[in-house]
Amino acid sequence: MTDRAAQLSALLPKVAGDPRGMIAVARQLIAAGDRRRALELAEQVHAMTGGRGEAGVTAAEILSDGVHSWHFVIPFDRARNQAYEQALIRAIRPGCRVLEIGAGSGLLAMMAARQGAHVVTCEADPAIASAARDVVAANGFADRVTVVNKHSTALDADRDLGGRADILVSEIVSNDLLSEGVLAAHEDAVARLLVPGGVVIPPRGKIRVALARDLRNRAKRLTEASGFDLSAFNRLASPSEMIRVGMEQVALCSDPVNLFSFDFASAEPRKAERRELAISSLGGRVDGIVQWIALEMDAVGRYENRPEPGAASCWGALLWRFPQPLETLAGEAVAVGGAHERDRVRLWQQIDLSEAGC
Ligand SMILES: C[S@@+](CC[C@H](N)C(=O)[O-])C[C@H]1O[C@@H](n2cnc3c(N)ncnc32)[C@H](O)[C@@H]1O
């Protein structure tokens, strides 16, 4: 704790019971770098005010800062929930020990607990860990689910888990599969926190890709506005765009291809990789290449968010737009490249840079 944070802590008895005073101290604690104590105060103010009034709303601002909005979406993805719960039901034997990486709302931990497992779920974010603890208690699972506010790599098998777990479950998969750090977290947890040969859910994840036509006919690029040419700004546009998979925003122009496949049950550090592919077009205009995820939950369970009419998923797909649309014939090969750096993915159209004068 810094000197300033220590001075502020000394003020706490003076502001106890006064929501405005407590919030004022909480804000100063954040400025002094003591987020944990600020969150504790904000939680108290939220409970006192029910989130109402200036102090209540400020408490909610502090508590929600850095909490992704998808936390309020993913529990409604019934296919995702079912894929996880069915795999947990198939794997859990009474009394077995489950480690979850990434508690979030506590949903998967409670699914495991209601199958009779003893669950330790770790959560890196202190506000989320605290809320998950309350959710778990409210659902009557406090005796079977322990929420530990730590990053998984900071867990100690004996101290935090009471010994290595029999099952490792996680849902730390991002739209591009990798950028929430699933590879590093699993490699570490499988090596240190899971019994040898323990069950991993999901044990495998894939990045699937296909050529794609943008059905929105609306490139997210600037052209003319109010008589001005804004196109030089376009170099700041992200090279990938999020696609809602069930909203017919893209049509696939090729069969899907597995770009990369990852073994989440391996402790072996996976190296960065790069691939070049020739993907056979179904014909017509191709605007880019789209990537999505596929999870193997166990020997039989599968989850995939392939973009197609009627698809529903909390995960989006990513469209990597080519510099110019391509008119293709059926069967024509389109050369694309893909790379991952363990925690990020990149796709592109292969071009001959010598022809481009580079
Ligand atoms: C996508 S949410 C999943 C929440 C919940 N398990 C579910 O499936 O509904 C992932 C959560 O894991 C946390 N997280 C990600 N990587 C982590 C790690 N290596 N250790 C601890 N928490 C992690 C994030 O802060 C986030 O709250």
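Residues numbered from 1 in each chain as written. Predicted model: local features only at pLDDT ≥ 70, side-chain atom pairs only at ≥ 80, totals over all residues. Heavy atoms only, no water.

## Re the sheet that holds strand E16 (residues 333-340)
Here is step 1: Read from one edge to the other, the open sheet built from three strands follows the order E12-E16-E17, with strand pairing classed as antiparallel. In this open sheet, the two edge strands, each paired with only one partner strand, are strand E12 (273-280) and strand E17 (345-349). Looking at each pair of strands side by side, their axes are set apart by 20° on average, direction ignored.
Here is step 2: The pairing of E16 with E17 spans five bridges and is antiparallel. Within E17, the residue paired with Gly 337 across the bridge is Trp 348. (Pairing = 2+ DSSP bridges. Helix = DSSP H or I, 4+ residues; strand = E, 2+ residues; numbered from the N terminus. Axes fitted to C-alpha atoms, helices over the stretch in contact; angles between N-to-C directions.)

## Some thoughts on the pattern of salt bridges
Here is step 1: Counted under the stated rule, the structure contains 20 salt bridges.
Here is step 2: A salt bridge links Glu 85 to Arg 114; the nearest nitrogen and oxygen atoms lie 3.0 Å apart. Of this pair, Glu 85 sits in helix H5 (residues 78-91) while Arg 114 sits in the loop between helix H6 (107-113) and strand E2 (118-122), placing them 29 residues apart in sequence.
Here is step 3: Residue classification places Glu 85 among the buried positions, given a relative accessible area of 15%.
Here is step 4: Linked through salt bridges whose partners overlap, the residues forming this network are Asp 214, Arg 216, Glu 241 and Arg 321. (Salt bridge = Lys/Arg side-chain N within 4 Å of Asp/Glu carboxyl O. Buried < 20%, exposed > 50% of the residue type's maximum accessible area, 1.4 Å probe, protein only.)

## Details of the packing of helix H2 (residues 19-31) against helix H4 (residues 53-64)
The angle between the axes and the distance between the axes are what describe a pair of packed helices.
Here is step 1: Relative orientation of the contacting elements H2 and H4 amounts to 25°, with a least axis distance of 9 Å. By the angle between their axes, H2 is roughly parallel relative to H4. Two packed elements cross with a definite hand, and for H2 against H4 that hand is left-handed. Each of Pro 19, Arg 20, Ile 23, Ala 26, Arg 27 and Ile 30 in H2 lies in contact with H4, whose residues at this interface are Ala 55, Thr 58, Ala 59 and Ile 62. (Parallel < 35°, antiparallel > 145°, perpendicular 65-115°, else oblique. Left-handed = near helix turned anticlockwise from the far one by under 90°. Contact = heavy atoms within 4.5 Å.)

## Focus on the domain arrangement of the chain
Here is step 1: The domain boundaries assigned to the chain delineate domain 1 (3-65), domain 2 (71-171) and domain 3 (205-349).
Here is step 2: Between the C-alpha centres of domain 1 and domain 2 there is a distance of 28 Å.
Here is step 3: Both faces combined, the contact of domain 1 with domain 2 buries some 390 Å², and carbon together with sulfur accounts for 43% of it.
Here is step 4: Together, Arg 35, Arg 36 and Glu 43 form the three largest contributors to the area buried by domain 1 at its contact with domain 2, with a combined 73%.
Here is step 5: Linking domain 1 to domain 2 there are one salt bridge.
Here is step 6: As a salt-bridge pair, Arg 35 and Asp 125 come within 3.7 Å of each other at their nearest N and O atoms.
Here is step 7: Joining domain 1 to domain 2, the criterion identifies two residue pairs in polar contact (both at pLDDT 80 or more).
Here is step 8: A per-element tally of the side of domain 1 that touches domain 2 places helix H3 (residues 35-49) first, with four residues. (Domains from an automatic or database assignment. Buried area = accessible area lost by both parts, 1.4 Å probe. Polar contact = N/O pair within 3.5 Å; in protein donor to acceptor, adjacent residues only side chain to side chain.)

## Some points on H4
Here is step 1: Relative to the 16 Å expected for twelve residues at 1.5 Å per residue, H4 spans 16 Å between its end C-alpha atoms, a close match to the ideal helical length.
Here is step 2: For H4, every residue scored as buried is listed here: Ala 55, Gly 56, Thr 58, Ala 59, Ile 62 and Leu 63. Buried positions in H4, seen along its axis, are confined to an arc of 165° and lie on one side of it. In H4, the exposed positions that point more than 90 degrees away from the buried face belong to Glu 54 and Glu 61.
Here is step 3: Next to the buried residues of H4 lie H2, H3 and helix H7 (126-138).
Here is step 4: Just past H4, the residue Gly 66 takes up positive phi, approximately 85°. (Expected span 1.5 Å × (residues − 1). Arc of directions from axis to C-beta.)

## Topic: a nonpolar patch on the surface
Here is step 1: The grouping of Leu 222, Phe 228, Leu 230, Phe 233 and Leu 236 at the surface amounts to a nonpolar patch, some 510 Å² of accessible area in total.
Here is step 2: In this fold, Phe 233 is placed in the loop between strand E8 (228-229) and strand E9 (240-243). (Patch = residues over 30% accessible without salt bridge, like charges linked within 9 Å, V, L, I, M, F, W, Y side chains within 5 Å. Areas by Shrake-Rupley, 256 points an atom, 1.4 Å probe, with all protein chains shown as cover.)

## Concerning the site of the ligand
Here is step 1: Near the ligand, the surroundings consist of 21 residues, among which Arg 80, Glu 100, Gly 102, Glu 123 and Ser 152 are the closest.
Here is step 2: At 2.8 Å, a backbone N or O of Gly 102 approaches a nitrogen atom of the ligand.
Here is step 3: Between the ligand and the protein, one listed contact pairs an oxygen atom with a side-chain N or O atom of Glu 123 at 2.7 Å.
Here is step 4: Look at the ligand: alone it shows 600 Å² of surface, and the protein chains cover 93% of it.
Here is step 5: Taken together, the residues that form the shell around the ligand break down as ten nonpolar, five polar and six charged. (Near = heavy atom within 4 Å. Nonpolar A, V, L, I, M, F, W, Y, C, P; charged D, E, K, R; others polar.)

## Considering the nonpolar core
Here is step 1: If you look at the biggest cluster of nonpolar residues, it comprises 74 residues, and the most contacted ones within it are Val 98, Leu 177, Ile 201, Ile 207 and Leu 295.
Here is step 2: Ignoring anything within four residues of it in the chain, the contact list for Ile 201 reads Tyr 84, Ala 87, Leu 88, Ala 91, Ile 167, Leu 168, Val 169, Ser 170 and Met 297. (Core = buried A, V, L, I, M, F, W, Y, C linked by side-chain atoms within 4.5 Å.)

## Some remarks on the sheet that holds strand E3 (residues 145-148)
Here is step 1: One open sheet accounts for five strands, arranged E3-E2-E1-E4-E5; its pairing is parallel. The outermost strands of the open sheet, each flanked by one partner alone, are E3 and strand E5 (194-201). Taking the axes of each pair of neighbouring strands and ignoring which way they run, one obtains an average angle of 25° across the sheet.
Here is step 2: Across four bridges, the pairing between strand E1 (residues 97-101) and strand E4 (residues 165-170) is parallel. Within E4, the position partnered with Glu 100 by the bridge is Val 169.
Here is step 3: Relative to E5, H5 is tilted by about 145°, and along the sheet it contacts E4 and E5.
Here is step 4: Contacting E1, E4 and E5, helix H9 (residues 182-192) crosses the sheet at an angle of about 140° to E5.

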